[in-house]
Structures are given as C-alpha cells and as structure tokens.
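Residue-level listing of the chains:
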Amino acid sequence: MMMDSALLLLLLWALIGTTSPQASAGPCVERLQGGERKTRACPRTCKSDAECGSKRQCLCDGECGLSCVAPGRTCPWPLHSNENLVFRLVSATPSFSALLEVHCKPGLTLPDGLDVTVRRCQGDRQWSGDEPICAEAQSPGHTPPPTCPLPEEVINTFSIHGDASVGTSIRYSCLSGADVVGSRENFCQDNQTWMHPHPVCKKLFCQPPKEVQQGYVVAVQKTEYEVAFDIHYLCKKNYRLDGPQKITCLSNGSWSASPPHCRARCVIPAERSRVVIGGVKRWPFDVTDAMVPHGENVTFYCKHPKKQCSFTAAQACFDGKLQTPECYLEPTWLQYKLFPHRLVSEIETCAPGDVE
Ligand SMILES: *[C@@H]1O[C@H](CO)[C@@H](O)[C@H](O)[C@H]1NC(C)=O
Ligand SMILES: *[C@@H]1O[C@H](CO)[C@@H](O)[C@H](O)[C@H]1NC(C)=O
Ligand SMILES: *[C@@H]1O[C@H](CO)[C@@H](O)[C@H](O)[C@H]1NC(C)=O
C-alpha cells in the first residue's frame, strides 16, 4: 500500500516534470524552520499519503517540503493585471504546482533587471512569492549611475579624485596639504556604501616664525602653533613696522605671511639747508632728533648748474639709511652764517621749463 502510493507519486512527478521546478531541482526540500515559513502558513508536514487522510496527498510544496495538500484545489485565477504586469498561466489549470509567468510591460524591468518571474501554486492555494514590482528600465544614458555618499565635511577636507559612483574608486588628498591618515583610496560598493571609512588629515602645526629684530611678539612663545593662531607684532620705540602687523597659522602649516621688519629711522643728512618733509619745508634742527621715520621721503634743494634757481630731489629713508641726492651740496658754515638768503633752499625755484 505504501509502495503503491510512492509509485503513484513518482508517476505524478514524471507527468508534471516538464513544468515543475521540483522535477529539475531534485528531491523535495526539508521544511525550513523559520525564515520563509514566517511569510506563509505551510500545510501539515507528512512523509506519506497515509498521514494526510482521504482528500489530501503528501506532495512536495516548495519550501514547505512534503506537505498534505489537496491537489485539485486551485490558486486565484485569473489574476487582474495591473498596469505594469502581464500574467500567463503556463500550466493547463491553476491547480497545485501550476506555474504562472509574470511579465513586466515593455520598457519595464523587475528589480533584478529581468522582465519575467515565475510563481508556483502552493498548497495553501496562494501563488508563491510576492507580486513583483516593475520599474522603469535603467538606461545608462538617462539616469545617473548610483553613487556612494560623500558627506560635506569630507568634501571640505579633501580634494577627491574620481566620481564616487558604484563600482569605481576614488582617491583622497588633503586640501590643507597635510598627510592623509587612513586609506588614500576607497571603493564604492554595489550597496552604495564605501569599502573603507573615510581617512582624516593629519593635523598640522606652524613652526615658530623667525624673530623680528627690534620688535616684539605679542603672543606666548611656543615650540609650535596650532592652525588659526595669530601672532601680533610691535616695534620698539623709533622703529617702524614694515610688513603685516599680524600673521596667522594656516591649515597647511604655513604662516599667512613672512614676519614683518622693524625699520630704523634716519638722520636727516643736511644741517644748513631746509628740506621738505611731509609737504612742509623745515630746518632739520627743528625736526625732533633731526630724524625721519623709515619710509619717509625727504626733499632736498639743489642748485641749477647754469641758472640761479633751485630744483628739488627727493630721497627716501630706508631702515636707517638716507643719502643726499647727488646734486645736493651742503652749504658751508660761512655761507650759512654770512649769506643765509643765498642758500640754495632759500633762492627762487626754477620754472618748470628750466629743468630737463
Ligand atoms: C554592503 O556590502 C558590503 C560588501 O558586499 C558588506 O560588507 C556591507 O555590510 C554592506 N553594507 C550594508 C549596509 O548593507
Ligand atoms: C599654504 O597655503 C597658502 C594659501 O593657500 C599658500 O599660499 C602656500 O603656498 C601654502 N604652503 C604650502 C607649504 O603648501
Ligand atoms: C615717498 O615717495 C615715493 C615715490 O615717490 C612714494 O611712493 C611714497 O609713498 C612716498 N612716501 C611717503 C611716506 O610719502
């Protein structure tokens, strides 16, 4: 009796073999515990027809394994095609183990990229699997390829070489010029995640800038300075700042500028002649210490070689050095004392046409 039903079963398998997935997939699977079972109720498990009563048979029911099923009972049919799907019954009737092809309408594909899937009529009178969802086929010309995310802080920290799309690599270099700590290269995986964590940029420090002669640093002296640290400079009395008053440690470990210089003032190299300083004609002895600050222009009076008139020539004070122009002649003590009105700085200035 048991032998007979086993034979019958074999015969049945042979008959539906061309359409049944079990026929080619080999023997019936063991019923799974958990997993697939959660999504559907499996009929009673069995080893032979005898366990299933008169109306049912012990048949292979997909992932439920051998189960007591009523082979004559059918799954819902016809199914209502939705706007994206077309159904085609492969078997003659929608009864147990019948196969159903589900196609996507032209231009649409299933999530796996295919345009057809097969569902089987189960022992619980439901078609296996879920109703598939067809979507617009991905054509490379129209939709941009999926990419892996690049957070803003990564974009602000690194120069990224590569386009972060799935299946490609990118390379990092620190915008600050610092060394990359971590993986310099990363790969965008199929699930749009990065293979490695993003690297970091090594923190840079600025080295102490060179000292400023005759100047002060308005900051705590350190062996290294962190990024964005400011150093302010002041010059000693009578020295003038030439350069930035402040330098800042940049994120690449360089200072925003070279330190400034403190430049010395100059002695006015004239005594017995007036000169023009800051637009005012003055005797040098009337000027404080007879000196001008660094960068100041001093205008001297020279005598025209042929005409009895004077013209001017300017010289700038640079860090303690101020020379008289070549044309300038310092009056003698006698000239100064006896003929003060004939000093070159006191005679008539030449007309514009007189000086070439
Ligand atoms: C993405 O895929 C990789 C490799 O295939 C895997 O190691 C990782 O866990 C997956 N990440 C997520 C969030 O699925
Ligand atoms: C640091 O950055 C500044 C401004 O971006 C640049 O002028 C300087 O050359 C850089 N220094 C180095 C060592 O890269
Ligand atoms: C001095 O003269 C130079 C050139 O004529 C000018 O550029 C500069 O601004 C002058 N300096 C001062 C302090 O007036």
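Residues numbered from 1 in each chain as written. Chains lettered and ligands numbered in written order. Predicted model: local features only at pLDDT ≥ 70, side-chain atom pairs only at ≥ 80, totals over all residues. Heavy atoms only, no water.

- By the naming in an unreviewed UniProt entry, the protein is Beta-2-glycoprotein 1, taken from Xiphophorus maculatus.
- As its UniProt record puts it under Subcellular location (unreviewed entry), the protein is described as follows: "Secreted".
- As its UniProt record puts it under Function (unreviewed entry), the protein is described as follows: "Binds to various kinds of negatively charged substances such as heparin, phospholipids, and dextran sulfate. May prevent activation of the intrinsic blood coagulation cascade by binding to phospholipids on the surface of damaged cells." (UniProt positions renumbered as here; feature names shortened; annotations may be inferred.)

Some thoughts on the site of ligand 2
Inference 1: In the vicinity of ligand 2, the residues found are Leu250, Asn252 and Ser254.
Inference 2: Take asparagine 252: an N or O atom from its side chain is 2.2 Å from an oxygen atom of ligand 2.
Inference 3: Interatomic distance of 3.0 Å between a side-chain N/O atom of serine 254 and a nitrogen atom of ligand 2.
Inference 4: When ligand 2 is considered free in solution it has 370 Å² of accessible area, and contact with the protein chains removes 26% of it. (Near = heavy atom within 4 Å. Polar contact = N/O pair within 3.5 Å; in protein donor to acceptor, adjacent residues only side chain to side chain. Areas by Shrake-Rupley, 256 points an atom, 1.4 Å probe, with all protein chains shown as cover.)

Quick notes on the pairing of strand β24 (residues 297-303)
Inference 1: Burial analysis of β24 places five of its seven residues in the buried class, the great majority of the element.
Inference 2: Judged from the two bridges that link them, strand β21 (residues 275-277) and β24 form a sheet pairing that is antiparallel. Its bridge partner lying in β24, isoleucine 277 is registered against valine 298.
Inference 3: Looking at chain direction, β24 and strand β25 (residues 310-316) are connected through seven bridges and run antiparallel. Following the sheet pairing, threonine 299 is matched in β25 by alanine 314. (Buried < 20%, exposed > 50% of the residue type's maximum accessible area, 1.4 Å probe, protein only. Helix = DSSP H or I, 4+ residues; strand = E, 2+ residues; numbered from the N terminus. Pairing = 2+ DSSP bridges.)

Brief notes about the state of the cysteines
A covalent bond between the sulfur atoms of two cysteines is what we call a disulfide.
Inference 1: In the structure shown here, the tally under the stated rule is 13 disulfides.
Inference 2: One disulfide bridge connects cysteine 174 with cysteine 201, the sulfur atoms lying 2.0 Å from each other. The disulfide joining cysteine 174 to cysteine 201 has a torsion of about -110° about its S-S bond and is therefore left-handed. Pair noted here: cysteine 174 is in strand β9 (residues 169-174) and cysteine 201 is in strand β12 (residues 200-201), with a separation of 27 residues, a long-range link. Across the pair, cysteine 201 and cysteine 174 agree in class, each one buried. (Disulfide = S-S within 2.5 Å.)

Here we look at the side chain of aspartate 49
Inference 1: By the element assignment, aspartate 49 lies in the loop between α2 (21-25) and β1 (57-60).
Inference 2: One buried charged residue, aspartate 49, remains without a salt bridge, the closest side chain of opposite sign being arginine 44 at 11 Å.
Inference 3: At 2.6 Å, the side chain of aspartate 49 and the backbone nitrogen of cysteine 58 are in polar contact. (Lys, Arg positive; Asp, Glu negative; His and termini not counted. Salt bridge = Lys/Arg side-chain N within 4 Å of Asp/Glu carboxyl O.)

Structural notes on the pattern of salt bridges
Inference 1: Across all of its chains, the model carries nine salt bridges by this definition.
Inference 2: Note that arginine 88 and glutamate 101 form a salt bridge whose closest N and O atoms lie 3.3 Å from each other. Taken together, the positions of arginine 88 in strand β3 (residues 85-89) and glutamate 101 in strand β4 (residues 99-104) put the pair 13 residues apart, joining distant regions of the chain.
Inference 3: Since its relative accessible area comes to 18%, glutamate 101 is described here as buried.
Inference 4: Taken together, the shared-partner salt bridges connect Asp242, Arg263 and Asp319 into one network.

Let's talk about the sheet that holds strand β14 (residues 215-218)
Inference 1: The three strands lie next to each other as β14-β16-β18, forming an open sheet whose pairing is antiparallel. Whereas interior strands pair on both sides, the edge strands pair on one side only; in this sheet they are β14 and β18 (246-248). The sheet shows a mean angle of 25° between the axes of neighbouring strands, taken without regard to direction.
Inference 2: Pairing geometry for strand β16 (residues 230-235) and β18, over three bridges, is antiparallel. The residue of β18 that forms the bridge with aspartate 230 is threonine 248. (Axes fitted to C-alpha atoms, helices over the stretch in contact; angles between N-to-C directions.)

A closer look at unusual backbone geometry
Inference 1: In this structure, proline 78 follows tryptophan 77 across a cis peptide bond, with omega equal to 0°.
Inference 2: Along the polypeptide, proline 78 turns up in the loop between β2 (66-69) and β3.
Inference 3: With a phi angle near 60°, glutamine 192 is a residue other than glycine that sits in the positive phi range.
Inference 4: For glutamine 192, the position within the fold is in the loop between β11 (185-187) and β12.
Inference 5: Phi angles above zero are rare outside glycine, and glutamine 214 is one such case at about 65°.

Observations regarding the sheet that holds strand β22 (residues 280-282)
Inference 1: The four strands lie next to each other as β22-β21-β24-β25, forming an open sheet whose pairing is antiparallel. Either end of the sheet is taken by a strand with one partner, and the two such strands are β22 and β25. Taken over all neighbouring pairs, the strand axes of this sheet differ in orientation by 30° on average, direction set aside.
Inference 2: Alignment of β21 against β22, held across three bridges, turns out to be antiparallel.

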